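Take a look at the letters that make up each chain.
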2 protein chains.
Amino acid sequence: MGCMRRVAFAELQERIERVLVGLGLGAERAALSARLTAETDRDGVRTHGVARLPRFAQGVRDGVIVPDAEPRCVAKFGAIERWTGGRGPGNLAAYAAMQRAMEIAKEQGLGCVALADTSHWMRAGTYGWQATEEGFAAMCWTNTMPNLPPWGAKSAALGNNPLVVAIPNETQPIVLDMAMSQFSYGTLASYRARGAALPVPGGYDEQGLLTTDAAAIERTQRALPVGFWKGSGLSFVLDVLAAMLSGGIATHQLPADPAKEVGLSQVFLAIAPESLNTMEEMNRLVQGAIDGVHAATPIEAGKPARYPGEATLHTREESLRDGVAVEDAAWDAFVKLESSCGSARTAGV
Amino acid sequence: MGCMRRVAFAELQERIERVLVGLGLGAERAALSARLTAETDRDGVRTHGVARLPRFAQGVRDGVIVPDAEPRCVAKFGAIERWTGGRGPGNLAAYAAMQRAMEIAKEQGLGCVALADTSHWMRAGTYGWQATEEGFAAMCWTNTMPNLPPWGAKSAALGNNPLVVAIPNETQPIVLDMAMSQFSYGTLASYRARGAALPVPGGYDEQGLLTTDAAAIERTQRALPVGFWKGSGLSFVLDVLAAMLSGGIATHQLPADPAKEVGLSQVFLAIAPESLNTMEEMNRLVQGAIDGVHAATPIEAGKPARYPGEATLHTREESLRDGVAVEDAAWDAFVKLESSCGSARTAGV
């Protein structure tokens, strides 16, 4: 890991908010987007929080992202609604979509919002945590530009299409947040930057061999789908389903350029488990399942297996106590962004 | 592959049907279950068709599976229903659950049936094909007994929990059917039986090293989750969600014994894409996505990447033309089962 500093959560959120106002987001929208971004770093997902803001700002300045576009419903049928993001900030559109899916689920047991023409939603897991905080289970996913070769091919034709599954309970929500590549490009960049080998093979090198060298994979752009042919297939169906339900476009129609990655299709499915269970039943079920995983014989003595989201709660606690850890390079880029947005704090203010 | 024979589809279905009647299934239920089983072999999923019938018969004889138990609804809220399988034949309960989910989806856009206390559903993909044949998209999954170590552990505490995602269109339905282990135990057995190495590492040997030796993985019972920690996490959330929605039990509560693997929890989610798309729009979208995958530069010249379900349609065509391929060992076991059920054909009948 590069050198890190710690920034108080409230300060981080406030400073992001000012940057977003500087980029043209209205006050309330800037506040929400800043909270979601700061929470991403708070939870330790450093690849998708403040580190992504310069790219977001560039998108706004290039006219690729429309800062004041509001997501809106364009069609509905029963418990499904189709929304468009209007190429606005992706985290705000995704948050609104999940919020609406939960409203439908409150009435119908489950609700689905399919969102077309949106921009990068930053941390996928954000919308899973959002659901569990309101007591809902959820699944959501996004397509992305082509950045993953299908199994059997060496040019990118699939997205890495992150999938989130979230399960509520009172003390320890479960949130799975997984991209369909073994490692996201953000994670590859972070391993490359600190010169570390990947823990398992993550893609192919120039010789066409599986490698743990992140830089080699960045060069070939041949990331490995999770589980070889299986993740390749799962990525494909998530993409087609997102485009079909949202009426939006599929990965093969998206420009293979991160600076122009807008027009994404996403699905938000909320389920109201309290329509069928008491909170006590849910807590008991979740606790039993967690205990089952913790009881499995660990490979390394004293290091029990973990459930999805478990590490997050530890990191969150630490961030709120000691400050949010931000890598120096990401912080320097953010401070530069503050100046360019005219949002840098002047002395004494 | 072991030695194979080809059996006409109609003959296969008829002979399975007679066996099932011999085991105590009513005529109509035996006919449906026989069709689903024969279709599994027809589609080339030999691990989960006629090869599993001896185990099903043993379950009935041991009183573990109740042949005449009918699945039924026990609770509902909006577009979600909770059903129980009553420990009846798992493929019949799953088929009924998906059928009901589609009925709900016809009214509500999407419908969910969560099924508790059921038995092994045989081929997971069956219920995806069922949905696409009626023009529905679907997701469904099951939990299983503990048969997969969580990432970081060496004893089984997760199921391999197959997940299905299915997308309809007029000519080439897309059906993904994936267990959360890199290989199912059925597939491992089949590689072991023919003495072949797995194409990629599928689990750990006695030395704790990743291996392509199927027999070694059967001995250690340390199968590898798809994508290491990612499939481990996905397996966990699918299990908890299935138990929570169905009111049934989770993997850690299931006996780790294939002969007693009943009480499973499953989720069937159907989506009516025609509520939002014309069939023409869906066909165009699917064709574009398939063309995108086929256009990716293949690793081996002339062997383009494939989409989930593509190989199935080829195999199906071949089976209907030349007869269904059945491994000799599976066939011999089936013929033995026929005798024991008194369903063997007598000469001239």
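Residues numbered from 1 in each chain as written. Chains lettered and ligands numbered in written order. Predicted model: local features only at pLDDT ≥ 70, side-chain atom pairs only at ≥ 80, totals over all residues.

**Focus: the sheet that holds strand β10 (residues 262–271) of chain A**
Residues and elements named next belong to chain A.
Inference 1: The 7 strands lie next to each other as β2-β3-β4-β10-β5-β6-β7, forming an open sheet whose pairing is mixed. Whereas interior strands pair on both sides, the edge strands pair on one side only; in this sheet they are β2 (72–77) and β7 (174–178). When strand polarity is set aside, the average angle formed by the axes of neighbouring strands in this sheet is 15°.
Inference 2: With 5 bridges joining them, strand β6 (residues 163–167) and β7 adopt antiparallel strand pairing. (Pairing = 2+ DSSP bridges. Helix = DSSP H or I, 4+ residues; strand = E, 2+ residues; numbered from the N terminus. Axes fitted to C-alpha atoms, helices over the stretch in contact; angles between N-to-C directions.)

**Description of the domain arrangement of chain A**
All names here are of chain A.
Inference 1: We note that the domain assignment places domain 1 (1–61 + 313–349), domain 2 (70–181 + 225–308) and domain 3 (182–224) within chain A.
Inference 2: For domain 1 and domain 2, the distance between their C-alpha centroids amounts to 24 Å.
Inference 3: Facing the 15 residues of domain 1 at the interface are 12 residues of domain 2.
Inference 4: Mapped onto the side of domain 1 that touches domain 2, the elements with two or more residues apiece are α2 (27–42) and α3 (53–61).
Inference 5: The element best represented in the side of domain 1 that touches domain 2 is α2, accounting for 6 residues.
Inference 6: Classifying every residue of the side of domain 1 that touches domain 2 by side-chain character gives 5 nonpolar, 7 polar and 3 charged. (Domains from an automatic or database assignment. Contact = placed C-beta atoms within 7 Å. Nonpolar A, V, L, I, M, F, W, Y, C, P; charged D, E, K, R; others polar.)

**Re the interface of chain B and chain A**
Inference 1: Listed as interface residues are 67 residues of chain B and, on the opposing side, 67 residues of chain A.
Inference 2: Looking at the side of chain B that touches chain A, the elements with two or more residues in it are β2 (72–77), β3 (80–84), α4 (90–108), β4 (110–119), β6 (163–167), β7 (174–178), α8 (229–246) and α9 (279–295) of chain B.
Inference 3: In terms of residue count, α8(B) provides more of the side of chain B that touches chain A than any other element does, 12 residues in total.
Inference 4: Split by residue class, the side of chain B that touches chain A holds 44 nonpolar, 16 polar and 7 charged.

**Observations concerning the relation of the copies chain B and chain A**
Note that the two copies of the chain are related through a rotation about an axis and a translation along the same axis.
Inference 1: Of the transformation superimposing chain B on chain A, the axial component is 0.0 Å and the angular component is 180°, with the fit at an RMSD of 0.0 Å. Here the copies are linked by what is in effect a two-fold axis. Among all residues of chain B, the minimum C-alpha distance to the rotation axis is found for G227(B), at 2.3 Å.
Inference 2: A share of 100% of the interface residues of chain B reappears at the interface of chain A, consistent with the copies meeting face to face through the same patch. (Least-squares fit on C-alpha atoms with pLDDT ≥ 70 in both.)

**What about the pairing of strand β3 (residues 80–84) of chain A?**
Regular strands show a simple pattern: their side chains alternate between the two faces of the sheet.
All names here are of chain A.
Inference 1: Counted residue by residue, β3 has 5 buried out of 5 residues, so it is predominantly covered.
Inference 2: The alternating pattern of β3 places I80, R82 and T84 and E81 and W83 on opposite faces, both of which are buried.
Inference 3: Taking the residues between adjacent antiparallel strands as the criterion, β2 and β3 are bridged by 2 residues, where G78 takes a positive phi near 60°.
Inference 4: With 5 bridges connecting them, β3 and strand β4 (residues 110–119) associate as parallel partners. Paired with R82 across the two strands is A114, which belongs to β4.
Inference 5: As for the winding sense of the linkage, the β-α-β connection from β3 through helix α4 (residues 90–108) to β4 is right-handed. (Buried ≥ 20, exposed ≤ 12 C-beta atoms within 10 Å, placed from the backbone. Right-handed = clockwise from strand over helix to strand, strands pointing away.)

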